[in-house]
Structure formats: structure tokens, C-alpha cells
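Structure at a glance
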There are 2 protein chains.
Amino acid sequence: MASNSMENTTVDSVSGKALKALLSPCAACAEADLVRWLVPPGTPEALADGMRYCMAGGKRLRPAVAMLAAQAVGGSAENELVRRAAVAVEMVHVYSLVHDDLPAMDDDELRRGRPTAHVRFGEAMAILIGDALLTRAFGVPAECDSPLVGRLTSELSRAAGAEGMVAGQVADMNLCDLPKGLEGLRYIHLHKTAAMIRGAARMGAVAAGADETALQAVSDFAEHLGLAFQLFDDLLDVTGTAGQLGKTPGKDAETGKQTHLAAVGIEEAKRLGEEMTLTACRALEPLGPAGETLKELAILLTRRTH
Amino acid sequence: MASNSMENTTVDSVSGKALKALLSPCAACAEADLVRWLVPPGTPEALADGMRYCMAGGKRLRPAVAMLAAQAVGGSAENELVRRAAVAVEMVHVYSLVHDDLPAMDDDELRRGRPTAHVRFGEAMAILIGDALLTRAFGVPAECDSPLVGRLTSELSRAAGAEGMVAGQVADMNLCDLPKGLEGLRYIHLHKTAAMIRGAARMGAVAAGADETALQAVSDFAEHLGLAFQLFDDLLDVTGTAGQLGKTPGKDAETGKQTHLAAVGIEEAKRLGEEMTLTACRALEPLGPAGETLKELAILLTRRTH
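Residues numbered from 1 in each chain as written. Chains lettered and ligands numbered in written order. Predicted model: local features only at pLDDT ≥ 70, side-chain atom pairs only at ≥ 80, totals over all residues. Heavy atoms only, no water.

A look at the overall build of chain A
Put simply, the rule reads: Secondary structure counts use DSSP, requiring at least four H or I residues in a row for a helix and at least two E residues in a row for a strand, with both numbered from the N terminus. Between buried and exposed lies partly exposed: a residue is buried under 20% and exposed over 50% of the maximum accessible area for its type, with that area taken using a 1.4 Å probe on protein chains only. In this analysis, two residues are considered to be in contact whenever any of their non-hydrogen atoms come within 4.5 Å of each other. Throughout, the Shrake-Rupley method with a 1.4 Å probe supplies accessible areas, and for residues the shown protein chains are the sole cover considered.
On a plain count of helices and strands, chain A comes out with 15 helices and two strands. When each of the 306 residues of chain A is scored for burial, the buried share is 59%. Long-range pairs, those at least 24 residues apart, make up 74% of the contacts in chain A between residues at least 6 apart in sequence. Accessible area for chain A stands at about 11900 Å²; split by element, carbon and sulfur atoms hold 53% of it.

This is the structure in C-alpha cells:
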């Protein structure tokens, strides 16, 4: 076990550096854009502080997916609408974490290595910070004078809403009926995580003016990437440490949320995750060489530890 | 006191009927549209049930403001984009009530005469129902293929977000610094209530293709209407009964939220409310006879008991 873990660390640190190198230009862009666009003028300072606190840190995976998808369909990641779409997706992602961490939900005290919003600001403010982030996410692309804003709004609402991410959270909290085992696990992953990663890719591609074939390619890619990503994330929750995760490990098992993963088994889950990564990469074939960076992202993500 | 209350009842019942007659065609339209547009395909049944439960009932004042504003600027309340904007605003309003009623916020158990969402479905589901309603609100107008969707999205985000309604909730919960007395009360009312009523009018007018002068007129009208409306609502909380309100009366005083109103005094608050109603009506002058229905709405609302 010790040598295995050592071997993983070596492989992981190489992949980790490569992943960081791949994500960092997008992350830098997202950081700068968040400074500009996150807090609308007229926001009370206490609320603005809370919004900034919650948005700090993170890999910025979703903005990267949006920006790299824009490039993959022949557009530019520098395009303002692409960048607005990219940070909008991140804001929706972070709002979902803030609400997910609430005492009535997952009741988590640690997120990205720091106290969660409700621990830091109180529960009422955490609810309102989440609400503000979600609302602002729709406003950021809409401030751009582009005929594509309507489609972006629709994509974001679908990915994040009752038929997307919120459905996944309802399922994850055992608040609706779900099949047992693999099918149930797939439903949760597809909605809770893959819907927004798919949404990120679609929004980036739509903002870059993708045609239908290219949009479908990045959309299918991102859906499978999202499925693989959440599966490996669940596995990390079982095998990781708090230092690696930046959150409390074993939390899922405690709350009974790992029943689906347990039913599948750890080894089978790993195999499934790798299979989904391959499916994701194959979806990019219609894009030719333009799809290479997204492929690289998918492969590096399967090797991550945090 | 008894005869005074009797006299009020008589005046109120006449105004109440007139108000109902004015609102009911818009309300009927909103009910039908909500059946069609509220729940997106693919929503888990338990979540859909929760969304429908929370959306049931209410005066549908905000959809009426949106639709009547569309008419006031020379458009049609039957226009699909106007109707989509109208129900979007109502969905945002209801999400805000669901989150506002949560134990960590106002901790209310009664809303529109029925158990609040968290009492009925549990706290986690109530948080998620609110999130789903807010997200869907942006999706409903965006499903319309119109170049105006971008502007509507932007208007909705501003009215509902960190610079609008959420700011008002932060202030109302004493989570940010605020001046004492009338100025503080005005900040809360302006953001917590007037921002969304103004947003309703603006969205209706924008969806109907209003020019700048007409948009400004309905916008100013609705802002003052919203201020007056919330002031009378606070007064009702002091003077009303649970049967009239459909919620627990005296709640605000209990939670110390009435300090602002107390500083102003009940009689002065009434005078201010009437003054704001007149200011609202004067704002409609540029619209000529087309503004008459909105004026009537403002006057009838000042006479309501619930």
C-alpha cells in the first residue's frame, strides 16, 4: 500500500503540474474577469465581501472547459462573451457549493481549505451569498450586447436548474426516487456535476459561434468528462486526506451518500471512469487537431488526486 | 375602535373587489402560463411538486404590473415575451419568499395560509426549490426566440441580485450597516420590494418594445408603488390578523425588524405611503390615458388589508 501510494504521488505530481500548466492561463483570465464582473455596483460591502470570499480559490475547471471549448470550435478564448460565459459558469458552481455546504444540506465546515460560508458569515448570509452569485451569473453574460445572450441564458438555466444540477442535488440528498446501484449513481453524476460541465462547454462554444456539429462534439465530450470527473471525485472522498481534498474526507460515507458507489465497487468505478474519459475523447474526433487540448485536459483530470 | 375597524372593512371590501377585478385577468393568464412553463421537462417529480406547491396562490401582483406596464407603453399583455417576463418575475418573487421563510432567515411557518416550504418538504428541499425557481425564472423568457431576451435577463438579474432584492434581504436581516430611521427603512423597502416591482414593470415594458420615455415612466411609477406597497405591508404586520395576512402577524416586531418603522411612527408611515402612491401616479403622466389602469392599481393597493 505504501509503495503504491508513493508511485501514485510521483505520477500525480507530474500530471498535477501538467494539469496546472494547462488550466493556469484560463484560471488567470477568470481571476481578472471576476475582479471586474463579480460584484455589481450598488452591492452592500458585507455581501460583496462574502461573494469574493466564496469565489476565491478553486481550480477554475469550468471556466477552462468553457474557454477551451471555444477554442476547440475555432473561436477565441479571449472573446468577451466567451469569458463572460466562463465566469458565469464558475459563479453558478460556487453558489451550488455554498448552498450544498449548508447545515440543512451536507453540513460541511471546510471548503477549499477554509471555513465554509455559513461557518464564516452565518447561515442567513450564506444563503443570500449563494442567491446573489446565482443571480449575478445570469447578469454577467447579459451585460454583453450580443444576439447570443438569449441562447446562453437558456443553456445556463437548463444546466443549472430543476432538470440539471438542482435535480442532481435533490437526488444526491435522497429527496427523490432513484434506481439502486450504477443507474442511480449515473443519474446523480449526470445531473449534479456533468450537467454544469457540459453547460460550460456548450456556453463557451455557443459564445464562440460554433456550428451544430462542433457544439454537439464539445457537449458530448464535456458530459462524459463530467461523469468521469465526479466518479473520481467520489473515489477520492474514500481514499483521500483532508490536506489533499481541502474538505472533510469520508463525509459522503458518513451521510450514506456512498451507497451507490459501494454498490458499484471501487475497482469497477475506476474502470468506468477511465472508460468514460475515453468516450469523452472520442467525441472530439469531428473537431480534428482543434480538439487536442480538451483531450489532454480529460486525460490529466483522470490522474489527479485533488 | 370597533366602528373604525368596521368602516375599514367596508371600504376595504369595495376596494378589495375592485382590486381583484383589476388583477384577475392578469392572474388567470399567469396561472395558465405557469402550468405550461414552470416545470421544465426532466424535473424529478418530487421537485416539481415542491415548485408547484410554492407557486400556488398569491395575488400575482408582479405579473400584473409587468402585463399592465406592457399595455401602458402601448404593447399587448398577450404578447408571449411579456407573459414570459411576467411569470419569470413571479417565480423570482416566490423563490425569495421560500428562502426568506427558512429557519436561518425569518423562520416562518405560515405563508399564503399554508405551511411554508421547509415545514412541508424539509429544509434541504426548500433551499433547492428556491434555487430551482430562481434558475427557471431566467430560463422562461430565454426560451423565446427574441432579440430582447438579453435585456430582459439583465433587468431580472439587476432587480433580483446583489444590487437589488438580495441587498434588501441582507439589510432586512441586519447583515450590513444601515442608517437609522427613515433612511434605513427606505433602503430596505427600495431594495427588498421596490426593486422587483420596478423590475416587473421594466421587463413588461422592455418585452413590449417600449421607448426610453415610456420605460422610464413605468419604471419610476413601479419604484414608488413598491415603496408604498412595502410600507403598507409593514403597517399591516402591526395591525393585521393571521387570517387577513395568511402569515403570522407581529413577526417583524418579534424579530426586531420593526425598529425602522417604529422610528418613523405609524401615522407618519401612512402619510408617507400615500405620498409615494401620488408620486407613483404622477410618474405616469407622460403616458397619457394609457397610464390610467396602472394608476388605478396603485390607488386600490393603498386601500388593501391583505
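Things to note about the side chain of Thr 116 of chain A
Residue and element names in this part refer to chain A. Examined against the element boundaries, Thr 116 turns out to sit in the loop between strand S2 (114–115) and helix H5 (117–121). The exposure class assigned to Thr 116 is buried, which follows from its relative accessible area of 2%. Setting aside residues no more than four positions away along its own chain, Thr 116 makes contact with Asp 101, Asp 108, Glu 109, Leu 110 and Arg 111.

Examining the pattern of salt bridges
The criterion, for reference: In the sections that follow, a salt bridge refers to a side-chain nitrogen of Lys or Arg positioned within 4 Å of a carboxyl oxygen of Asp or Glu.
Within the structure shown, the criterion is met by 37 salt bridges over all chains. Where Arg 136 of chain A meets Glu 143 of chain A, a salt bridge forms, and the shortest distance between an N and an O atom there is 2.9 Å. Residue classification places Arg 136 of chain A among the buried positions, given a relative accessible area of 6%. The salt bridge partner of Glu 80 of chain B is Arg 84 of chain B, with a shortest N-O separation of 2.7 Å. Of this pair, Glu 80 of chain B and Arg 84 of chain B both sit in helix H4 (residues 80–100), separated by four residues, roughly a single helical turn. With relative accessibility at 36%, the residue Glu 80 of chain B sits in the partly exposed group. Residue Arg 84 of chain B is classed as buried on the basis of its relative accessible area, which comes to 7%. Through salt bridges that share partners, Glu 31, Arg 60, Glu 90 and Arg 112 of chain A make up one connected network.

Regarding the relation of the copies chain B and chain A
This is how the line gets drawn: To line up the copies, we fit them by least squares on C-alpha atoms, keeping just the residues with pLDDT of at least 70 in both.
In the superposition of chain B on chain A (RMSD 0.0 Å, axial shift 0.0 Å), the rotation amounts to 180°. Put plainly, the chains are arranged around a two-fold axis. Relative to the rotation axis, the closest C-alpha in chain B is found at Gly 150 of chain B, a distance of 2.7 Å. Here 100% of the contact residues of chain B are again contact residues in chain A; the copies associate through an equivalent surface.

Considering the packing of aromatic side chains
Ring pairs (aromatic) are described by centroid distance and by the angle formed between their planes. Test applied: Centres within 6.5 Å are what make two rings of Phe, Tyr or Trp a pair, Trp counting through its six-membered ring; a difference in plane orientation under 30 degrees is then read as stacked, over 60 as edge-to-face, and the rest as tilted.
Tallying each qualifying case throughout the model produces three aromatic pairs over all chains. Ring geometry for Tyr 53 of chain A versus Phe 121 of chain A: centroids 5.1 Å apart, planes at 90°, classification edge-to-face. With Tyr 53 of chain A in helix H2 (residues 45–55) and Phe 121 of chain A in helix H5, the pair connects residues that are 68 residues apart, well separated along the chain. Overall, Phe 121 of chain A belongs to the partly exposed group, its relative accessible area being 22%. Taken together, a centroid distance of 4.2 Å and an interplanar angle of 0° make the contact between Phe 138 of chain A and Phe 138 of chain B stacked. Taken together, the residues span two chains, with Phe 138 of chain A in helix H6 (residues 123–142) and Phe 138 of chain B in helix H6 (residues 123–142). Across the pair, exposure class does not vary: Phe 138 of chain A and Phe 138 of chain B are buried alike.

Thoughts on unusual backbone geometry
Residue and element names in this part refer to chain B. The backbone of Asp 107 sits at a positive phi, close to 55°, despite the residue not being glycine. Counting through the fold element by element, Asp 107 comes out in the loop between H4 and strand S1 (110–111). The phi angle at Asn 174 is positive, at roughly 60°, despite the residue not being glycine. Within the element layout of this structure, Asn 174 appears in the loop between helix H8 (165–172) and helix H9 (181–207). Judged by its relative accessible area of 56%, Asn 174 falls in the exposed class.

Focus: the packing of H4 of chain B against H8 of chain B
All names here are of chain B. Which entries qualify depends on this criterion: Note on geometry: axes are lines fitted to C-alpha atoms, helical ones only across the stretch in contact, with angles between N-to-C directions running from 0 to 180 degrees. The labels follow the angle: roughly parallel below 35 degrees, roughly antiparallel above 145, roughly perpendicular from 65 to 115, and oblique for the rest. In this scheme the crossing of two helices becomes right-handed for a clockwise turn of the near helix relative to the far one and left-handed for an anticlockwise turn of less than a right angle. Think of it as three bins: nonpolar holds Ala, Val, Leu, Ile, Met, Phe, Trp, Tyr, Cys and Pro, charged holds Asp, Glu, Lys and Arg, and polar takes everything else, Gly as well.
The contact between H4 and H8 brings their axes to 12 Å, and the two run at 25°. For the element pair H4 / H8, the angle class is roughly parallel. When you trace H4 past H8, the crossing you get is right-handed. Contacts between H4 and H8 involve Val 92, Tyr 95, Ser 96 and Asp 100 on the former and, on the latter, Met 165, Val 166 and Gln 169. In terms of residue class, the contact of H4 with H8 is built from four nonpolar, two polar and one charged.

Some thoughts on the interface of chain B and chain A
Test applied: Buried area is understood as the total, over both parts, of accessible area removed when two parts are fitted together, assessed with a 1.4 Å probe. Between N or O atoms, a polar contact is any pair within 3.5 Å; within protein, one atom must be a potential hydrogen donor and the other a potential acceptor, and residues adjacent in sequence are included only when both atoms are from side chains.
Each partner contributes residues to the interface: chain B has 44 residues there, and chain A has 44 residues. Across the chain B to chain A interface the summed buried area is about 3500 Å²; carbon plus sulfur atoms make up 74%. For the chain B face of the interface with chain A, the top three residues by lost area are Leu 128, Thr 135 and Ala 162 of chain B, together amounting to 16%. Along the contact surface separating chain B from chain A lie zero salt bridges. There are seven residue pairs in polar contact (both at pLDDT 80 or more) connecting chain B and chain A. No other element matches H6 of chain B, which puts 13 residues into the side of chain B that touches chain A. Its residues assigned to classes, the side of chain B that touches chain A comprises 28 nonpolar, eleven polar and five charged.

What to know about the state of the cysteines
Here is the rule we go by: Disulfide: a pair of cysteine sulfur atoms within 2.5 Å of each other.
On inspection of all chains with the given rule, the structure shows zero disulfides over all chains. The thiol of Cys 26 of chain A is not disulfide-bonded; the next cysteine sulfur, from Cys 29 of chain A, is found 7.4 Å away.

Thoughts on the environment of Ala 171 of chain A
Residues and elements named next belong to chain A. Tracing the backbone through its elements, the reader meets Ala 171 in helix H8 (residues 165–172). Taking the C-alpha atoms as reference, Ala 171 lies 7.9 Å from Tyr 187; in sequence the two are 16 residues apart. Those residues in contact with Ala 171 that lie beyond four places of it in its chain are Cys 176, Leu 178, Tyr 187 and Ile 188.

Looking at the environment of Val 82 of chain B
Residue and element names in this part refer to chain B. Note that Val 82 resides in helix H4. Sequence spacing of Val 82 and Pro 63 is 19 residues, and the spatial spacing of their C-alpha atoms is 9.2 Å. Not counting residues within four places of it along the chain, the set of residues in contact with Val 82 comprises Ala 66, Met 67, Ala 70, Ser 76, Ala 77, Gly 204, Ala 207 and Ala 208.

Concerning H9 of chain B
All names here are of chain B. For the record, the criterion: Working rule for helices: expected span equals 1.5 Å times residues minus one. Fitting axes to the seven residues that end at a residue and to the seven that start at it, the angle between those axes gives the bend at that residue.
Under the 1.5 Å per step criterion, the end-to-end length of H9 is 37 Å for 27 residues, consistent within 8% with the ideal 39 Å. For H9, the principal kink sits at Ala 194 and spans about 50°. Summarising burial for H9: 20 of the 27 residues are buried, a large majority. Two residues or fewer past H9, Gly 209 is found with a positive phi of approximately 80°.

A closer look at the environment of Phe 232 of chain B
Residue and element names in this part refer to chain B. In this structure, Phe 232 sits in helix H10 (residues 212–239). A relative accessible area of 11% means that Phe 232 is categorised as buried. Residues in contact with Phe 232, not counting those within four places in the same chain, are Lys 270, Gly 273, Glu 274, Thr 277, Thr 302 and Arg 304.

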